[in-house]
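The lines below spell out each chain.
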Amino acid sequence: MEVDSVFYTDHSGRVHNNPLLDQLPSYQSLLYRRKSSNSGTKRRSSSRGRSGSSGSGKWGVSTVSRREEKQKSQMVQRPIRELATTMAEKRIHVTQRLEEARELSSLRQLRQSTRRHLRRLRDDAQAWLSWLKLWRGDIRLIEGMFGTGILSYFSFLRFLVMLNLIIFVLMFSFIMLPLIIAPHASGNITYTQKVGSVCSEYSGTARRGLVNFHEHITDLLSGGGFLERTYLFYGYYKVDKIHFPKATYNLPLAYLLVTIAYLFLSLIWIVKRSATGFKRNLIQDEDRFQSFCNKIFAGWDFCITNENAVRLKRSSLLYELRTDLEEERIKQKIADRTRKERCRIYLIRLILNLFVIGVLAACFYSIYAATIFSQKVQMDNIKENFIVDLIYEYLPSIVITLANFVTPLLFSVIINYEDYSPAFEIRFTLMRCVFMRLTSIGVLLFSLWSQITKCDNGPCVCGYNNKLYSCWETRVGQEMYKLTIFDFIIIVAVTIFVEFPRKLIVNYCDCGLAKWWGQQEFAIPQNVLEIVYGQTICWIGTFYSPMLPAICTMKYFFIFYIKKVSLINNCRPATRPFRASSSNFFFLAVLLIGLALACVPVTFSMAQINSSHACGPFVNYNTSWEVLPTTVSKLPGGIQKLLLALSSEAFAVSFFVVTCLAMFYVIALAGAHKRVIDQLREQLAMEGRDKRFLIQKLCQAQRLSAIKSPVSKSQPCISSPSYHTSFSNNFNEAVFLAHSPPASSTHV
Amino acid sequence: MGTTASQLGKDLLSEYQELTFLTKQEILLAHKRFTELLTKDEKELQNTRVPTERILTLPELKSNPFRKRICHVFSTSEQKDGSLTFEDFLDLLSAFSDSATLEIKSHYAFRIFDFDDDGTLDRGDLEKLVNCLTGETDETRLTRDEMRQLIDNILEESDIDKDGTVNLSEFQHVISRSPDFVSSFKIVL
């Protein structure tokens, strides 16, 4: 035993702590009493008692009474259920409180009882509200079977359903509702149109004459034909103003404002949801030195009941621990790398990254080519047969889906050669996949626009190719509609035709190949990417196809059930699961990227590309954005000046400066906090050292005094083995020890 | 105590609501599940203790590696045999419920992890804890070196006063910064 240790061994060789440790305020926190030793006294010092100096006999009777007072006041503040005690003891607390309450004035009694009733009422209301929440039972079931990681995916899905529903309600009430009620409320709809212009000729794809049944199906899947001139698409809203008896409704303005509103609403909602996750992520990032504790102390998911999931959770925990331990070693190895090795690795990474870029470029080019080909075929109206036409229509979607299927596989192979740390490998592959998924939509839109704005001979008369795309917004809306439908079809098809047979094969076929293949993993990142992709399309498409949010709401609603069934029946949870906290943040971060990506084409098309003159609400304006300045110019002078001032450069610059100042202030504050935390941590460690030093001194003094006085010779060694479990067990000892040494040595 | 949930008295029910974090439905469900564990004779008696073995047949606990510890911690039995009365059972569910505070949860988690009941998590406790998490068989167990490295890391991270063990306040401090704890320390009936 080293000399400076606070422990000393008794005859049996067991290490015991000095009973004096019991009296240190910091150790009072440990004083929880087990059931075994609670006979007699009811004065249980629960965890909350640690703030006080409870349980210490050193300070004598006066402290005890003070402590009780303190406890009493604390008890009044806290609901009984927050005490970490058994039911019987909680009951005793209740009766105690009631007795105390009797001493109080009637007014306070009344206040307390009303407070209690209100709380009960609130609890009941909350219970009812949570009852109303969508899919409450389903989500609980999933949580119970597979734990919180997969739960977060499903609650994310629910969030998207709600978001889309709200966007749809917004679109419906401000754009469709006025149109629908106008005839009933004696409203007068004015359709203004530039007559005689080349640009205002609208040749839709509506079929005339006898229509075959399969053509109906094609229309339904492609959004053309009879669907083209319905509420579904932009082109139908060819209304300038609706004159109600008392007011005039400016539909173009409403259309523009609602578009801005839904983008902002989504942004705010996502940011609000991700704020908590982001904060946690920041904290986690900051003290990376807590990662092992998180895994050990909070590692087990107590919700899991599925035997299979338990085994998986265990193996994944083991895997995580091993990789983390290895990562530490790898870090060490990276630090020790020679220059030559480093050069070799950077070279490999460079080459592989170039390769990845090449693959991405190839994918993007094929999407571009497919889009242009598909557009051309549609424009030329080449009819072959039903299936081929449909394939032509869906060519861009098919290519995008294929690319998104192949590239992740490729990336996961490539990453093995790049020699990153295991955690970074996963993140990096994911980032590449996110990039691939979301940019492919961008490429599709880009190729569409390059078609729309390209005319055969020189610059276009109307600002867009009015011959082929007389109503280009509807065309874009149709593309988005097709992507949405195709995405849904693929998800359903994969579940039914790939995952289900795979499960059957794995279950009922004993050959080695099937065993090696194994059941489908429910990989959360891929699934999330899938729905974020759908949501991005929805955000882009809502401007061109106002009914798209409704379709997406239904789509996600069904996907929830499909995924649930597939998860329970077909899949097994991934071997490397996502932690709920990090995944929540990851989902919303990807969703935010999707939103940002959706904003770019929508704002660009509103502000830059000429709106079509043949259809839609913006017939009278060059671009959609022009509605706003026009409306502002009609406003009364004061408001007009105010709005102009708000949009002036002077205001923008000063606003920017103020924001910057606020940001700097926050950054400085954060830095200061960080330093304070570091100092406090240092101080804590220092105090720990001090404490050990003092106790060691105390021990020495005790031993000295024990030798001096033969009566107490053997006493220090019989310290109770359960030293901080119960205060009463070693109360006598503690008092004895506190008083036995000479006065000079105790009062340190 | 009666055989069906409806026989849980109204006063008792509201008292339980007051004393635990459970809602009315949850208490009734708990009562139903608990009475299912009782034998016919026991149903007649009040405050029957259900032995650990029968409690552990509940699917919610069956696959939990800490099931024995959980019973042990929440049991009020004099013999320390881990048997639970209905009220102990409610205490258990309350601590593991959605709305329980972090403090309650971390308090009980600490006691569950404190295998030798001595009030601190020392190296032995941590080793048992890790073995519980990863599984007891030889192939799932960490090697001696790995275990040593892991425990060193844990103590490095959590043992603020550097006394070689993790005490309750240190544990609660660590847990309060662990984002997953509240969501995962939960048992849903």
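Residues numbered from 1 in each chain as written. Chains lettered and ligands numbered in written order. Predicted model: local features only at pLDDT ≥ 70, side-chain atom pairs only at ≥ 80, totals over all residues. Heavy atoms only, no water.

**Student:** So what exactly am I meant to see when it comes to the overall build of chain B here?
**Tutor:** A count of helical and extended segments in chain B gives twelve helices and zero strands. The helix and strand sequence of chain B, counted from the amino end, reads α-α-α-α-α-α-α-α-α-α-α-α. Seen along its three principal axes, the alpha-carbon backbone of chain B occupies a region of about 55 × 35 × 25 Å. By the burial criterion, 61% of the 189 residues in chain B qualify as buried. Long-range contacts, defined as pairs at least 24 residues apart, comprise 56% of the intrachain contacts of chain B with a sequence gap of at least 6. Roughly 7,600 Å² of accessible area belongs to chain B as shown, and the carbon and sulfur atoms make up 49% of that amount. Where the 23 positive side-chain charges of chain B centre and where its 37 negative ones centre are 5 Å apart. (Helix = DSSP H or I, 4+ residues; strand = E, 2+ residues; numbered from the N terminus. Buried < 20%, exposed > 50% of the residue type's maximum accessible area, 1.4 Å probe, protein only. Contact = heavy atoms within 4.5 Å. Areas by Shrake-Rupley, 256 points an atom, 1.4 Å probe, with all protein chains shown as cover. Lys, Arg positive; Asp, Glu negative; His and termini not counted. Charge placed at Lys NZ, Arg CZ, Asp CG, Glu CD.)

**Student:** Hey, could you run me through helix H20 (residues 649–708) of chain A in this one?
**Tutor:** For an α-helix the count is 3.6 residues per turn, leaving residues at separations of three or four pointing the same way. If you check H20 of chain A, its first and last C-alpha atoms are 88 Å apart, about what 60 residues at 1.5 Å a residue would give, namely 88 Å. Of all the positions in H20 of chain A, only Gly688, Lys691, Ile695, Gln696, Leu698, Cys699, Ala701, Gln702, Ser705 and Ala706 of chain A are classed as buried. (Expected span 1.5 Å × (residues − 1).)

**Student:** Even after reading the chapter, I still don't get the environment of Ser99 of chain B, so can you show me in this structure?
**Tutor:** Residues and elements named next belong to chain B. Mapped onto the elements of the fold, Ser99 is located in the loop between helix H7 (86–95) and helix H8 (102–113). The sequence separation of Ser99 and Leu22 amounts to 77 residues, and the corresponding C-alpha distance is 7.9 Å. A polar atom in the side chain of Ser99 sits 3.1 Å from the backbone oxygen of Phe21. (Polar contact = N/O pair within 3.5 Å; in protein donor to acceptor, adjacent residues only side chain to side chain.)

**Student:** Help me understand the state of the cysteines, please; the structure alone is not making it clear to me.
**Tutor:** Should the sulfur atoms of two cysteines be covalently bonded, the bond is a disulfide. Scanning all chains against the criterion turns up one disulfide over all chains. What pairs with Cys471 of chain A in a disulfide is Cys615 of chain A, and their sulfur atoms sit 1.8 Å apart. With the S-S bond torsion at 90 degrees, the cross-link from Cys471 of chain A to Cys615 of chain A turns out right-handed. Linking Cys471 of chain A in the loop between helix H12 (422–452) and helix H13 (472–508) with Cys615 of chain A in the loop between helix H17 (580–607) and helix H18 (627–634), this pair joins segments that are 144 residues apart in sequence. Here Cys132 of chain B stays unpaired: no disulfide links it, and the sulfur of Cys71 of chain B, its closest cysteine neighbor, is 13 Å away. Note on Cys132 of chain B: relative accessible area 9%, which makes it buried. (Disulfide = S-S within 2.5 Å.)

**Student:** What is the right way to read the packing of helix H9 (residues 307–335) of chain A against helix H10 (residues 144–158) of chain B from this model?
**Tutor:** Each pair of packed helices gets described by two things: the angle between the helix axes and the distance between those axes. Remark: H9 of chain A packs on H10 of chain B, axes separated minimally by 11 Å, with the N-to-C direction vectors making an angle of 80 degrees. In terms of axis orientation, H9 of chain A runs roughly perpendicular to H10 of chain B. For the pair H9 of chain A and H10 of chain B, contact is made by Leu321, Arg322, Leu325, Glu328 and Arg329 of chain A and by Glu146, Gln149, Leu150 and Asn153 of chain B, respectively. In the contact of H9 of chain A with H10 of chain B, the residues fall into three nonpolar, two polar and four charged. (Axes fitted to C-alpha atoms, helices over the stretch in contact; angles between N-to-C directions. Parallel < 35°, antiparallel > 145°, perpendicular 65-115°, else oblique. Nonpolar A, V, L, I, M, F, W, Y, C, P; charged D, E, K, R; others polar.)

**Student:** Sorry if this is basic, but what is going on with the interface of chain A and chain B here?
**Tutor:** Many descriptions give the size of an interface as the accessible area lost when the pieces come together. With 72 residues of chain A at the contact, the number on the chain B side is 80 residues. For the pair chain A and chain B, the two sides together bury roughly 7,100 Å², of which 56% comes from carbon and sulfur. At the junction of chain A with chain B, the criterion picks out one salt bridge. With a shortest N-O distance of 4.0 Å, Glu18 of chain B and Arg119 of chain A are connected by a salt bridge. Residue assignment for the side of chain A that touches chain B shows that the elements contributing at least two residues are helix H2 (87–103), helix H3 (106–132), helix H4 (136–146), helix H7 (251–286), helix H8 (291–297), H9, H17 and H20 of chain A. A per-element tally of the side of chain A that touches chain B places H9 of chain A first, with ten residues. (Buried area = accessible area lost by both parts, 1.4 Å probe. Salt bridge = Lys/Arg side-chain N within 4 Å of Asp/Glu carboxyl O.)

**Student:** How should I be thinking about unusual backbone geometry in this particular structure?
**Tutor:** In terms of backbone geometry, most residues other than glycine have negative phi values and most peptide bonds are trans. Residues and elements named next belong to chain B. Here the phi dihedral of Asp117 falls at roughly 55 degrees; this positive angle occurs in a residue that is not glycine. As for its placement among the helices and strands, Asp117 is situated in the loop between H8 and helix H9 (123–134). You can call Asp117 buried: its relative accessible area is 14%.

**Student:** Explain the pattern of salt bridges here, please?
**Tutor:** Opposite charge on two side chains permits them to pair, given that their charged atoms come into close proximity. All names here are of chain B. Counted under the stated rule, the structure contains twelve salt bridges over all chains. Across the pair Arg49 and Asp88 runs a salt bridge whose closest N-O atoms are separated by 3.8 Å. On the criterion of sequence distance, the pair formed by Arg49 in the loop between helix H3 (40–44) and helix H4 (52–55) and Asp88 in helix H7 is long-range, its members being 39 residues apart.

Interpretation note: all reported values are geometric properties and have no functional meaning in isolation.
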